[in-house]
Amino acid sequence: MLMSELITKKRDGGKLTAGEIKFIVDGYTAGDIPDYQVSAFLMAVFFRGLDREETLHLTMAMRDSGDTLDLSGIPGVKADKHSTGGVGDTTSLVLVPMLASLGVKMAKMSGRGLGHTGGTLDKLESFPGFQTGIPHERFMENVAKVGMVIAGQTADLDPADKKLYALRDVTGTVNSIPLIVSSIMSKKLAAGADVIVLDVKCGKGSFMKTPADAHELAAEMVEIGKLSGKRTIAVVTDMDQPLGNAVGNALEVKEAIATLKGESAGDLLELCLTLGGCVLKAAGMAETVDAARSMLLGTVENGAALAKLKEFVAAQGGDPQSVEDVSLLPSAPVVRQLRAPEGGYIRAVDALGIGMVCLKLGGGRTTKESDVDLSVGAVLQKRVGDKVTPGDVLAVIHASDETHADAAEAELLRCFTIGREAPAPVAFIKEIVE
Ligand code: URA
Ligand code: CA
């Protein structure tokens, strides 16, 4: 087979066979096919697309490019959750302990923040001593014993995605639905869970800007999951404004703990009840979504989910006391209130803009090697639809020094759109795709 022939075949709109796709994935992973040919191929895919069969073949070839985890020896339903990436998204830290405390085995591999989006691994490192890198053997042991693991993806899991994602990032080919589907689903399939729940973000703070695109991505991932024999559900959720109030690593950990203590409600809790409800139903543990919701709320009321978070933190080397006493988590030296210059209604809170503010405060990565300041970020006090009078606190900025706080203040103010009239309400949960 000649790579140049496969590039021209896709360029001209042809359909690739399973063998041809495997040739490309294996050849690239092994280093036999150079970046420039794969770049051209990715661009051809970007413009011509892949049909469902091709997407499935690509997903399978990527899944099989390295090790896969076999969780079948662990009793019970094994579930995994994935978000397409947003701002202020602390869902995993709330949802995973809720489900684990109900007996679902949660085996989750997470990533780090890049650009304006946060990553669960960075957030977890707010717990003093916490280890995100654990060997496969310990991973399996902790899933069985504790009922939950959140760890970094090891180098030998889906190596094809690591190379392809890095290449897409610099060749303008990230935003292609079949390439996103194969990237996400190959990792989820390699990680071995039986039930996969996907949170597909839609709006200014995410990859998919319109409900139609988010729907297409959700539907394709669900189909590919099902064709691979996994119970897969996707929920399309709003990411025009950040999720919850806190944006920033340790600030989001504190928000997650407050939610598990029953001290915080709102869209973060709502999302956890919806995603969790989908998992419990798919796992055969609840008859209806309503029944599932009360089971999940019960884990907050009886303290079981918080206790599970503590057990998990300890099992991965972190200080469990820091779950009880959040003053042990990183905190920023400069805390400043941002006040509303005018009155009216909050018409928009720009998730992407707020993500950028946190990045510039030092809370994110500009390159893969950047150091992250876990303590910085912002906590919103007003959300879309809220009424404000001049001088009301819109947000609280947490910064490393006054200079950073000054810059953040000006930029953060631009993220709030205040108008005379209340905005039309938008649905937070847009769609459930099964
Ligand atoms: N997240 C992924 O893991 N891959 C993509 O392609 C996009 C988002
Ligand atoms: Ca948040």
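Check the entry above for the structure.
Residues numbered from 1 in each chain as written. Chains lettered and ligands numbered in written order. Predicted model: local features only at pLDDT ≥ 70, side-chain atom pairs only at ≥ 80, totals over all residues. Heavy atoms only, no water.

The next point concerns the layout of surface pockets. Volume-wise, the largest pocket comes out at about 1,500 Å³. Among the elements of the structure, β1 (78-83), β2 (105-110), α6 (120-124), α8 (159-169) and α9 (177-190) are those that each provide at least two residues to the lining of the largest pocket. Looking at the lining of the largest pocket residue by residue, the class counts come to 12 nonpolar, 21 polar and 16 charged. Taken together, domain 2 (78-324) and domain 3 (330-419) each give at least three residues to the lining of the largest pocket, which thus spans both. (1 Å grid on protein atoms, 1.4 Å probe; cavity = no way out; pocket = protein on both sides within 12 Å on 5 of 7 lines; lining within 4 Å. Points joined across faces, edges and corners; volume = space filled by probe spheres on them. Helix = DSSP H or I, 4+ residues; strand = E, 2+ residues; numbered from the N terminus. Nonpolar A, V, L, I, M, F, W, Y, C, P; charged D, E, K, R; others polar. Domains from an automatic or database assignment.)

Here helix α13 (residues 289-301) is 13 residues long and its end C-alpha atoms lie 18 Å apart, about the 18 Å a rise of 1.5 Å per residue gives. Of all the positions in α13, only Ala292, Leu296, Gly298, Thr299 and Val300 are classed as buried. In this structure, the buried side of α13 is in contact with α5 (91-101), α11 (249-260), α12 (267-282) and α14 (304-315). Just downstream of α13, Gly303 is the residue with a positive phi angle, here 80°. (Expected span 1.5 Å × (residues − 1). Buried < 20%, exposed > 50% of the residue type's maximum accessible area, 1.4 Å probe, protein only. Contact = heavy atoms within 4.5 Å.)

The environment of ligand 1 is formed by Tyr165, Arg168, Ile180, Ser183, Ile184, Lys187 and Phe207. Here an oxygen atom of ligand 1 sits 2.9 Å away from a polar atom, N or O, in the side chain of Arg168. Lys187 is positioned such that a nitrogen or oxygen atom in its side chain is 2.4 Å from an oxygen atom of ligand 1. For ligand 1, whose unbound accessible area comes to 240 Å², protein coverage reaches 91%. Its atoms largely coinciding with the cavity grid, ligand 1 occupies the largest pocket. Listed by contribution, the elements that provide at least two residues to the shell around ligand 1 are α8 and α9. (Near = heavy atom within 4 Å. Polar contact = N/O pair within 3.5 Å; in protein donor to acceptor, adjacent residues only side chain to side chain. Areas by Shrake-Rupley, 256 points an atom, 1.4 Å probe, with all protein chains shown as cover. Sits in = over half its atoms within 2 Å of the grid points.)

Next up on the list: the environment of Leu71. With respect to the helices, strands and loops of the structure, Leu71 is situated in the loop between α4 (52-63) and β1. For the pair Leu71 and Ala144, spaced 73 residues apart in sequence, the C-alpha separation works out to 9.2 Å. Every residue in contact with Leu71, bar those within four places of it in the chain, is listed here: Lys78, Ala107, Met140, Ala191, Gly192 and Ala193.

The next point concerns the sheet that holds strand β11 (residues 393-399). Taken in spatial order, the 4 strands make up an open sheet running β6-β9-β11-β7, and their pairing is antiparallel. A strand with exactly one partner marks an edge of an open sheet, and here the two such strands are β6 (246-247) and β7 (334-339). Of the strand pairs in this sheet, β6 and strand β9 (residues 377-380) are connected by 2 bridges, and their pairing is antiparallel. When the bridges of β9 are listed, Ala246 appears paired with Val379. Along the sheet, helix α17 (residues 402-415) makes contact with β7, β9 and β11, crossing β7 at roughly 25°. (Pairing = 2+ DSSP bridges. Axes fitted to C-alpha atoms, helices over the stretch in contact; angles between N-to-C directions.)

Here we take up the coordination of the calcium ion (ligand 2). Only Gly88 (O), Leu243 (O), Ala246 (O) and Glu255 (OE) from the protein reach the calcium ion (ligand 2) as donors, at distances of 2.3 to 2.5 Å. Read N to C, the donor residues that coordinate the calcium ion (ligand 2) are spaced as G-x154-L-x2-A-x8-E. In this pair, Leu243 sits in the loop between β5 (231-238) and β6 while Glu255 sits in helix α11, placing the two residues 12 residues apart along the sequence. With respect to class, Leu243 is no different from Glu255; both count as buried. (Donors = N, O, S within 2.8 Å, 3.2 Å for Na, K, Ca; no water.)

Before going further, it helps to examine unusual backbone geometry. Positive phi is not limited to glycine here, since Asp158 has a value of about 50°. Mapping Asp158 onto the fold places it in the loop between β3 (148-152) and α8. Relative accessible area serves as the criterion here: at 0%, Asp158 is assigned to the buried category.

At their nearest, the axes of α4 and helix α10 (residues 211-227) sit 10 Å apart, and the two run at 65° to each other. As for the relative orientation of α4 and α10, their crossing is right-handed in sense. Together, Arg52, Thr55, Leu56 and Thr59 of α4 and Glu220, Glu223, Ile224 and Leu227 of α10 make up the contact between the two elements. Looking at the contact of α4 with α10 residue by residue, the class counts come to 3 nonpolar, 2 polar and 3 charged. (Left-handed = near helix turned anticlockwise from the far one by under 90°.)

Pairing is mixed across the open sheet formed by 6 strands, whose spatial order is β3-β2-β1-β4-β5-β13. Two strands in the sheet have a free side with no partner beyond their single neighbour: β3 and β13 (429-433). Each strand axis lies, on average, 20° off the axis of its neighbour in the sheet, ignoring direction. As paired elements, β2 and β3 share 5 bridges and run parallel to each other.

What follows is about the nonpolar core. In this structure, Met98, Phe127, Phe312, Leu412 and Phe416 are the most contacted members of the largest nonpolar core, which totals 75 residues. Residue contributions to this core peak at 9 residues, all from α12. Each of two domains, domain 2 (78-324) and domain 3 (330-419), supplies a minimum of three residues to this core. Residues within four places of Phe127 in sequence aside, it is in contact with Val253, Ile257, Leu309, Val313, Ser322, Val323 and Leu329. (Core = buried A, V, L, I, M, F, W, Y, C linked by side-chain atoms within 4.5 Å.)

Moving on to empty space enclosed by the protein. Think of a ball as big as a water molecule: rolled over the atoms, this probe shows where empty space is left. For the coordinates displayed, the defined rule picks out 3 cavities of 30 Å³ or more. In this structure, the largest cavity spans a volume of roughly 160 Å³. If one sorts the elements of the lining of the largest cavity by residue count, helix α16 (residues 351-363) sits on top with 4 residues. Of the residues in the lining of the largest cavity, the class split is 5 nonpolar, 12 polar and 4 charged.

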